Amino acid sequence: MKKAQTVLAALAAAFAFMSCSGKTAAAKTEAPASKAEAPASGADFHIGVVTGTVSQSEDDLRGAEELIRRYGAVNNGGMIQHITYPDDFMSQQETTISQIVALADDPKMKAIVVNQGVPGTAEAFRRIKESHPDILCFTGEPHEDPLVIQKSADLAVSADFMSRGYTIIWAAKQLGAKTFVHISFPRHMSYESLGLRRNIMEQACADLGLQFVFETAPDPTSDVGVAGAQQFILEKVPQWVEKYGKDTAFFCTNDAHTEPLLKQLAQYGGMFVEADLPSPLMGYPGAFGIDLTAEAGDFPKILKKVEQVVIENGGKGRFGTWAFSYGFSVSAGLGEYAKRILEGTASKDSSADLFKALGEFTPDANWNGGYYVDQSTGVRAKNQILIYMDTYILGQGFLKTTELEVPEKYFKIKFTK
């Protein structure tokens, strides 16, 4: 894949033994549109957008709301039909599947975007394609294995778990970290993408001179729920900082763990390179008590305010993020891409058109990435793509991780459960 420009998109997801090929580079895009909801216009087609709730993945949901602001809600004569899947999606997979499939009952429904692609998404897409093969099925951050989601999705977009397995460790070293603590739980580690990234991180630590530590935390979808999982993090972080030292960088694979992790690191020490699905909104407002009401939807202003508050609380050079929300941009970007395809201004098979649609929501941001390649077969996927953005360290600026040349050896590391 030739070098391209701008982009964005998505988390935790899927892929067996994959190797990232060609890179996509950065570009400038126009600023987002007005935040007032588009007036009812009797849209010729509808686009369904499925996201998690505010408690599980707020940024994903806000991206759907941005589409509604631009193109209106179906119930108001607009284009976008937004629904949320259950917080406890692991035990309610049939509910999730039914919700997604039900969108296809709308005779005007021509595209469905699911972000994140929680378990059950592939089956929902399969059922939709059986009766409505013309409906576009896109997913951001598929949680299911690559060969599973590839069979039914027209496109799957994920954060580049392979390259970031190296770049996050490299960034941690730039901050002065001597230890890297990876926090997760069995369900996430069973996902090939997340499990493989963990293996890459461990090898990168060994190569770059950091100690790698794995710590287990409760799954928010388990019986303890989000509140119980967050309480665990609140109680354990002070102990971990004492045990491993303040020159330790912490990383967690679950969004719900992020806020309590940041909150305690701000108080007890430690470092944080970036979230699993990075965003200035991911954990920072709650952890630092930041009111972003006036800045809502304006990510340059959001980043500036978050940076100011973090610096005031002694976090300069210790906390990082991406300048724009990954989850927000994937929801909005995939919806925008679907709209352009349906209007005939973009091609379903054009990565350049995808990147332009995603870049609509990330002005001046630099991205990199490439198509997934299955290491066991050497086959490059045509409908799955991995992307990542420069790491931004609050109080310091971009580390330009997208310009790093990730050693080929890391793309050959195997996934082991």
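Our structure's up above, just so we're on the same page.
Q: I'm lost on the packing of helix H5 (residues 161–174) against helix H7 (residues 192–208) in this one. Help?
A: When two helices pack together, their arrangement is given by the angle between the helix axes and the distance between those axes. Put simply, H5 and H7 touch, their axes get as near as 8 Å, and they point 35° apart. Once H5 is placed against H7, the crossing between them reads as right-handed. Residues Phe161, Met162, Arg164, Gly165, Tyr166, Ile168, Ile169, Trp170 and Lys173 of H5 touch H7, and the partners they reach there are Ser193, Leu196, Arg197, Ile200, Met201, Ala204, Cys205 and Leu208.

Q: Is there a simple way to explain the pattern of salt bridges in this structure?
A: When charged atoms on two side chains of opposite charge get close, those side chains can pair. For the coordinates displayed, the defined rule picks out 22 salt bridges. For the salt bridge of Glu360 with Arg70, the shortest nitrogen-to-oxygen distance reads 3.1 Å. Residue Glu360 is found in the loop between helix H13 (351–359) and strand S10 (367–373), and its partner Arg70 is found in helix H1 (residues 54–71); the two are separated by 290 residues along the sequence. With a relative accessible area of 12%, Arg70 lands in the buried category. In this structure, the salt-bridge partner of Asp219 is Arg187, at a minimum N-O distance of 2.7 Å. Highlighted residues: Asp219 in the loop between strand S7 (211–216) and helix H8 (225–244) and Arg187 in helix H6 (residues 186–190), separated in sequence by 32 residues. Looking at Asp219, the relative accessible area reads 12%, which means it is buried. Assessed through its relative accessible area of 11%, Arg187 is described here as buried. Overlapping salt bridges, with partners in common, bring together Glu66, Arg69, Arg70, Glu336, Arg340 and Glu360 in one network.

Q: Would you take a moment to explain the packing of aromatic side chains for this structure?
A: One pair of aromatic rings is described through two measures. These are the centre distance and the angle between the planes. The tally for this structure, following the rule as stated, stands at 15 aromatic pairs. Judged by centre distance (6.4 Å) and plane angle (80°), the ring pair of Tyr284 and Phe319 falls under edge-to-face. Taken together, the positions of Tyr284 in helix H10 (residues 284–288) and Phe319 in the loop between helix H11 (299–312) and strand S9 (320–321) put the pair 35 residues apart, joining distant regions of the chain. You can call Tyr284 buried: its relative accessible area is 1%. Relative to Tyr326, the ring of Trp322 lies with its centre 5.6 Å away and its plane at 80°, an arrangement referred to as edge-to-face. Residue class for Tyr326 comes out buried when judged on its relative accessible area of 1%. One aromatic cluster in this structure is built from Phe299, Phe324, Phe328 and Phe361. Above the face of the Tyr410 ring, Lys409 is positioned so that its terminal group lies 5.5 Å from the ring centre.

Q: What am I meant to see in H1 here?
A: Spacing of three or four residues puts side chains on the same side of an α-helix, whose turn is 3.6 residues. Between its first and last C-alpha, H1 extends only 21 Å over 18 residues, short of the 26 Å set by a 1.5 Å rise per residue. At Asp60, H1 shows its maximal kink, close to 50°. Every buried residue of H1 is accounted for by Gln56, Ser57, Asp59, Asp60, Leu61, Gly63, Ala64, Glu66, Leu67, Ile68, Arg70 and Tyr71. Taken together, the buried residues of H1 touch strand S1 (46–51), strand S2 (80–84), strand S3 (109–117), H8, helix H9 (255–268) and helix H12 (326–343).

Q: What's the story with H9 in this structure? I'm lost.
A: Between its first and last C-alpha atoms H9 spans 21 Å; for 14 residues at 1.5 Å apiece the expected length is 20 Å, and the two agree. Those residues of H9 not exposed but buried are Asp255, Ala256, His257, Thr258, Pro260, Leu261, Leu262, Gln264 and Leu265. For H9, the elements touching its buried residues are H1, S3, strand S6 (179–184), H8, strand S8 (248–252) and H10. Capping the start of H9, Asn254 holds a side-chain oxygen 2.8 Å from the backbone nitrogen of Ala256, two or three residues further along. Immediately beyond the C-terminal end of H9, within one or two residues, lies Gly269, with a positive phi of roughly 110°.

Q: Can you help me understand the pairing of strand S5 (residues 155–159) in this one?
A: Successive side chains on a regular strand alternate, one facing one side of the sheet and the next facing the other. Counting buried positions along S5 gives five out of five residues, so the element sits mostly inside the fold. In S5, alternate side chains face the same way, and those of Leu155, Val157 and Ala159 on one face and Ala156 and Ser158 on the other are all buried. When strand S4 (residues 136–142) meets S5, the two strands line up parallel, connected through three bridges. Pairing of Thr139 across the sheet is with Ala156, part of S5. Inspection of the sheet shows S5 paired to strand S11 (residues 380–389) by four bridges, in the parallel sense. Residue pairing in the sheet places Val157 in a bridge with Ile385 of S11.

Cut-offs and rules
- Residues numbered from 1 in each chain as written.
- Predicted model: local features only at pLDDT ≥ 70, side-chain atom pairs only at ≥ 80, totals over all residues.
- Heavy atoms only, no water.
- Axes fitted to C-alpha atoms, helices over the stretch in contact; angles between N-to-C directions.
- Helix = DSSP H or I, 4+ residues; strand = E, 2+ residues; numbered from the N terminus.
- Left-handed = near helix turned anticlockwise from the far one by under 90°.
- Contact = heavy atoms within 4.5 Å.
- Salt bridge = Lys/Arg side-chain N within 4 Å of Asp/Glu carboxyl O.
- Buried < 20%, exposed > 50% of the residue type's maximum accessible area, 1.4 Å probe, protein only.
- Phe/Tyr/Trp six-rings, centres within 6.5 Å; stacked < 30°, edge-to-face > 60°.
- Lys NZ or Arg CZ within 6 Å of the ring centre and 35° of its normal.
- Expected span 1.5 Å × (residues − 1).
- Bend = angle between axes of the 7 residues up to and from the residue.
- Polar contact = N/O pair within 3.5 Å; in protein donor to acceptor, adjacent residues only side chain to side chain.
- Pairing = 2+ DSSP bridges.

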